[in-house]
Amino acid sequence: GEEGSPRTFSSAVEAQAVRKSERKLQYPQEKLPIVEVENFPQLGKVVAARFIEWVQANPGGVISLPTGRTPEHFIRWVKHFLDTWGTRETVEELSGLGLLDTASRPDMASLHFFQMDEFFPINPSHKNSFSSYVKKQYAENFGLDPAKVRVMDIWTLGCKGKVNNGDLFADGIDLTVTEREPMTALERDQAAALTAVHQYCCEYEEEIRGLGGIGFFLGGIGPDGHVAFNCKGKDHNSTTRLTKLNYQSAAAAAGDLGGIENSRKKHVITIGLGTIKYNPDACVIVFAAGDAKAQVIANAVNGPKHVDTPASSFYGFPGFRFYLTQSACTKIEERIFDRFIKEFGEGPGYKKDLVMDAVIDLALKVKKRLIDLSAEDFEKDRRTGHIMREQNGSSYLGALMREAHAMLRSKIERSLEPISGRRFIHTAPHHDDIMLGYLPLANNLRKDLSNEHTFVYATSGFNAVTNKLFVGFLKKALLHLEAGQGVREMVEAGYFTPSKVGDPDVVKFMNAHAARDSQAKDDAISERVLRCVARNFDPKGAQSTSPSFLKQKVEEAIVYYSRQYQGQKDAVEYQVLKGMLREFECDALWGYHGFVPSESVSHLRMGFYKGDLFTEDPQINRDVLPLLDLMRKKHPDYVTVALDPEGSGPDTHYKVLQAVSAACKLYSEETPGKDLKIWGYRNVWFRFHPREAKVIYPVELGDHAHLNDAFETCFISQKEASFPAPDYDGPFSHWTQMIQAEQYHAHLN
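Residues numbered from 1 in each chain as written. Predicted model: local features only at pLDDT ≥ 70, side-chain atom pairs only at ≥ 80, totals over all residues. Heavy atoms only, no water.

**Regarding the sheet that holds strand β10 (residues 320–325)**
What holds strands together in a sheet is hydrogen bonding between their backbones, with the strands either parallel or antiparallel.
Thought 1: Read from one edge to the other, the open sheet built from 7 strands follows the order β1-β10-β9-β6-β2-β3-β5, with strand pairing classed as parallel. The sheet is open, and its two edges are formed by β1 (34–37) and β5 (149–150), each paired on a single side.
Thought 2: Relative to strand β3 (residues 112–114), strand β2 (residues 62–64) runs parallel, the two sharing 2 bridges. Of the residues in β3, the one forming a bridge with Val-62 is His-112.
Thought 3: Together, β1, β9 (283–288) and β10 form the strand contacts of helix α11 (residues 294–302), whose direction differs from that of β10 by roughly 150°. (Pairing = 2+ DSSP bridges. Helix = DSSP H or I, 4+ residues; strand = E, 2+ residues; numbered from the N terminus. Contact = heavy atoms within 4.5 Å. Axes fitted to C-alpha atoms, helices over the stretch in contact; angles between N-to-C directions.)

**Some remarks on the pattern of salt bridges**
Thought 1: Across all of its chains, the model carries 52 salt bridges by this definition.
Thought 2: Among the salt bridges present, the one from Arg-632 reaches Glu-670, with a minimum N-O distance of 2.5 Å. Taken together, the residues span a long stretch of sequence, with Arg-632 in helix α25 (residues 620–634) and Glu-670 in helix α26 (residues 651–670) at a distance of 38 residues.
Thought 3: For Glu-670, a relative accessible area of 41% corresponds to the partly exposed category.
Thought 4: Through salt bridges with shared partners, a single ionic network connects Arg-23, Glu-30, Glu-36, Arg-335, Asp-338, Arg-339 and Lys-342. (Salt bridge = Lys/Arg side-chain N within 4 Å of Asp/Glu carboxyl O. Buried < 20%, exposed > 50% of the residue type's maximum accessible area, 1.4 Å probe, protein only.)

**Some details on the environment of Thr-652**
Thought 1: On the secondary structure map, Thr-652 appears in helix α26.
Thought 2: In sequence terms Thr-652 and Ala-458 are 194 residues apart; their C-alpha atoms lie 9.4 Å from each other.
Thought 3: With residues near it in sequence (within four places) discarded, Thr-652 still touches Pro-429, His-430, Thr-459, Phe-608 and Tyr-609.

**With respect to the sheet that holds strand β7 (residues 241–244)**
Thought 1: Read from one edge to the other, the open sheet built from 3 strands follows the order β4-β8-β7, with strand pairing classed as antiparallel. The open sheet has two edge strands, β4 (117–120) and β7, and neither has a second partner. Taken over all neighbouring pairs, the strand axes of this sheet differ in orientation by 30° on average, direction set aside.
Thought 2: For β7 and strand β8 (residues 267–270), the ladder comprises 4 bridges, and the chain directions are antiparallel. Paired with Lys-244 across the bridge in β8 is His-267.

**Here we look at helix α12 (residues 333–344)**
Thought 1: The terminal C-alpha atoms of α12, which comprises 12 residues, lie 16 Å apart, in line with the 16 Å expected from a rise of 1.5 Å per residue.
Thought 2: Along α12, the residues classified as buried are Glu-334, Arg-335, Phe-337, Asp-338, Phe-340 and Phe-344.
Thought 3: Contacts from the buried residues of α12 go to β1, α13 (352–366) and α15 (382–390). (Expected span 1.5 Å × (residues − 1).)

**With respect to the state of the cysteines**
Thought 1: Scanning the entire structure with this criterion turns up 0 disulfides.
Thought 2: For the unlinked cysteine Cys-283, the closest cysteine sulfur is that of Cys-329, found at 18 Å.
Thought 3: Cys-283 sits in the buried class, given a relative accessible area of 6%.
Thought 4: Between Cys-586, a cysteine without a disulfide, and Cys-714, which holds the nearest cysteine sulfur, the sulfur-to-sulfur distance is 9.1 Å.
Thought 5: With relative accessibility at 0%, the residue Cys-586 sits in the buried group. (Disulfide = S-S within 2.5 Å.)

**Considerations on the packing of helix α20 (residues 503–514) against helix α21 (residues 518–537)**
Thought 1: Put simply, α20 and α21 touch, their axes get as near as 8 Å, and they point 165° apart. Relative to α21, the element α20 lies roughly antiparallel. Every pair of crossing elements has a handedness; the one defined by α20 and α21 is left-handed. Listed contacts from α21 to Asp-503, Asp-505, Val-506, Lys-508, Phe-509, Ala-512 and His-513 of α20 are Ala-520, Lys-521, Asp-523, Ala-524, Ile-525, Glu-527, Arg-528 and Arg-531.
Thought 2: In terms of residue class, the contact of α20 with α21 is built from 6 nonpolar, 1 polar and 8 charged. (Parallel < 35°, antiparallel > 145°, perpendicular 65-115°, else oblique. Left-handed = near helix turned anticlockwise from the far one by under 90°. Nonpolar A, V, L, I, M, F, W, Y, C, P; charged D, E, K, R; others polar.)

**Re the packing of α25 against α26**
Thought 1: As a packed pair, α25 and α26 sit with axes 9 Å apart at the nearest point and diverge in direction by 50°. It follows from the interaxial angle that α25 and α26 lie oblique. Along this stretch, α25 crosses α26, giving a crossing that reads as right-handed. Only Ala-659, Val-660, Ala-662, Ala-663, Cys-664, Leu-666, Tyr-667 and Glu-670 of α26 make contact with α25, whose side of the interface consists of Ile-620, Val-624, Leu-627, Leu-628, Met-631 and Arg-632.
Thought 2: Across the contact of α25 with α26, the residue classes break down as 12 nonpolar, no polar and 2 charged.

**Description of the nonpolar core**
Thought 1: Counting 67 residues, the largest nonpolar core has Met-435, Tyr-457, Leu-474, Tyr-561, Leu-577 and Trp-590 as its most contacted members.
Thought 2: Examining the composition of this core, we find that 9 residues originate from one element, helix α23 (residues 572–592), more than from any other.
Thought 3: The contact partners of Tyr-561, leaving out residues within four places of it in the chain, are Asn-467, Phe-470, Val-471, Leu-474, Asp-570, Tyr-574, Leu-577 and Lys-578.
Thought 4: With 50 residues, the next largest nonpolar core counts Leu-194, Tyr-204, Val-286 and Cys-329 among its residues. (Core = buried A, V, L, I, M, F, W, Y, C linked by side-chain atoms within 4.5 Å.)

**Points about the pairing of β8**
Thought 1: Side chains of β8 alternate between two faces, with His-267 and Ile-269 and Val-268 and Thr-270 buried alike.
Thought 2: Two strands pair when backbone bridges link them, and β4 and β8 are joined in this way by 4 bridges, in the antiparallel orientation. Bridged to Phe-119 within β8 is Val-268.

**Structural notes on the pairing of β9**
Thought 1: Burial analysis of β9 places 6 of its 6 residues in the buried class, the great majority of the element.
Thought 2: In β9, alternate side chains face the same way, and those of Cys-283, Ile-285 and Phe-287 on one face and Val-284, Val-286 and Ala-288 on the other are all buried.
Thought 3: As paired strands, strand β6 (residues 216–219) and β9 are joined by 4 bridges and run parallel to one another. The residue bridging Phe-217 from the neighbouring strand is Val-284, located in β9.
Thought 4: Pairing of β9 with β10 involves 5 bridges; the strand directions are parallel. Across the sheet, the residue bridging to Ile-285 is Arg-321, located in β10.
Thought 5: Read from β9 through α11 to β10, the crossover connection turns out right-handed. (Right-handed = clockwise from strand over helix to strand, strands pointing away.)

**Re unusual backbone geometry**
Thought 1: With an omega of -5°, the peptide bond between Phe-120 and Pro-121 qualifies as cis.
Thought 2: Note on placement: Pro-121 falls in the loop between β4 and α5 (130–142).
Thought 3: Put simply, Gly-303 and Pro-304 share a cis peptide bond, and its omega is 5°.
Thought 4: Its identity as a non-glycine residue notwithstanding, Lys-367 has a phi of 60°, on the positive side.
Thought 5: Relative to the helices and strands, Lys-367 resides in the loop between α13 and α14 (375–380).
Thought 6: For Arg-605, which is not a glycine, the phi torsion comes out positive at approximately 50°.
Thought 7: When you line up the elements, Arg-605 lands in the loop between β13 (601–603) and α25.

In short, the description is geometric, and any link to function would need to be established separately.
What follows is the structure, given as structure tokens:
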């Protein structure tokens with residue numbers, strides 16, 4: 001159990017998973033053991049088997065399981081195994097996963113469940129509360145005894161009468177009111193409520209310890225490395241407490257709470273790292289999928305032990321394991337080298353990709369240009385040192401560095417080769433993905449007028465529009481409708497009937513932008529909002545010429561969104577209405593670049609995108625065939641697709657990748673003689689290794705100015721960055737610029 005020392009297997013399931021991975025549980029320099037699996041679904045299956053194995057051995061034990069999206073496959077597999085227990089298929093499945101006892105059904109009702117964290121304040125009946133998640137996903141799906149499920153219900157704790165903590169802390173939380181003399185009656189009530197919450201946390205901790213501590217803990221890892229909500233910088237021996245979220249964790253929670261402006265007002269109650277470790281025999285699993293978490297995991301595995309790395313708290317804890325996908329291990333040096341050695345030695349021949357990866361990574365690590373690397377640099381690095389020894393020493397280095405340099409140069413030169421007379425279908429999961437991925441290249445391609453472009457947006461993107469923002473647009477539209485006879489005449493003349501295209505709104509918006517006329521821009525947006533209302537609530541156009549009808553529907557929408565709680569899932573018709581605002585943003589973006597939106601922009605609204613916690617898979621008839629029909633009509637030579645692996649960026653990206661891949665496959669089968677080219681792009685969520693990329697397009701400072709102006713002009717729902725990335729607090733276009741600058745300095749300078 002010493003820090004960094006290799007450990008023996010803790011279970012048969014673990015041993016089987018490690019054997020299948022062909023990896024070690026723990027390499028000599030790794031400070032935490034790792035069970036590595038192939039992909040995200042397999043991760044859920046293996047962890048489910050390990051959980052069932054533990055429950056069989058520990059009836060009546062204490063468990064704490066995670067919320068969020070990472071547990072999706074874990075929950076599905078546990079429920080599946082329980083529902084089909086004893087069937088031949090399940091016995092074979094579990095046996096294959098290493099479970100020794102496939103006869104004794106785990107006694108789920110005997111378990112004691114403790115919720116690990118919760119936002120404060122939040123109504124536990126709201127669907128986006130973790131309490132609601134626990135009751136639905138675990139208590140109900142796993143057959144737990146409700147009397148033994150401890151959820152964090154503190155909505156009215158310490159409050160008087162009919163007041164709740166949402167009322168008391170509507171404007172945020174100041175923890176100092178318990179440490180000083182309250183200044184107002186509200187502060188006195190807040191102090192009383194916070195004191196009650198602190199007492200609640202103390203009793204919650206004592207209840208866990210009274211049962212011997214948590215026996216099975218399963219948690220994810222946050223963008224800052226947090227385990228439960230023990231964020232970076234917090235005490236490694238902490239107990240259950242009320243604490244504040246840091247920026248990265250607040251950004252990650254923004255989707256659950258309707259925007260970061262809401263999550264910043266929240267605190268959280270969380271069990272502590274000391275709580276998790278209280279039971280010395282506990283099985284503690286932290287699981288993660290995808291490259292997005294690879295760096296925080298590498299920090300934890302490599303060390304040192306520090307409060308900035310919460311998982312380093314578990315150094316030396318015998319029952320701790322990371323369960324990770326292969327992509328989540330891509331920054332751990334020991335595993336990089338292990339895979340390199342295995343692949344380098346497989347079969348004869350020159351392993352160009354492996355060699356180029358190693359050389360480029362070395363240049364990035366020592367911050368030198370490729371052609372400036374020295375023999376000493378190569379010798380000090382494990383991979384390039386091995387290459388030198390295998391390739392006859394330093395005499396090989398000059399040719400190798402020139403080869404790597406020439407390879408990168410050729411990728412840049414390829415991007416500058418002219419393309420003429422071709423048809424492009426550019427696809428995007430969300431409405432800003434193309435511009436954040438490759439707007440400078442798309443802008444360059446459209447300058448050759450012999451090329452044809454169609455911009456296809458797979459989802460309606462309604463999740464990115466906050467209620468507060470949309471209510472503001474609706475109110476402006478209502479004022480515009482009531483402001484004068486001119487707009488009423490437009491309505492009565494059929495200007496907003498669903499059969500009419502929305503190009504005039506875009507033209508008016510762009511003309512106003514060119515003239516720097518903010519009022520005219522607002523008017524154009526208001527007219528598009530009225531058009532959206534007409535299309536959404538009167539699709540056949542029977543009442544869209546009635547100003548009173550539009551007024552009524554706008555007012556109803558204002559009331560509807562105003563009554564929704566933060567992060568609440570909207571009814572389908574109101575999801576669609578929000579999505580129409582995002583669709584206007586894309587119409588505006590390509591109008592900005594000279595395209596006629598009704599001719600060049602297509603909004604597919606793929607049906608898998610529903611705003612649910614776990615996104616369903618695309619379906620052929622519903623999601624794939626509409627894109628295939630568009631391909632049949634447009635006859636593309638090139639199709640672009642966001643190439644984000646599962647678990648690396650937003651889940652929608654991967655689902656759209658599946659749908660586009662299926663459509664391209666069907667189209668290629670129908671047109672066997674056509675040389676269809678697929679361009680996979682990435683943006684802020686996931687990045688190519690320089691060796692992986694086939695094309696590297698150079699970006700000028702003028703491109704950044706163009707990107708930022710286009711984004712801030714057209715993406716009216718994203719100016720406030722209500723759903724920012726954990727890595728940057730600001731507009732996505734700024735983050736794109738920073739990433740491109742970083743890539744230039746790191747890779748090409």
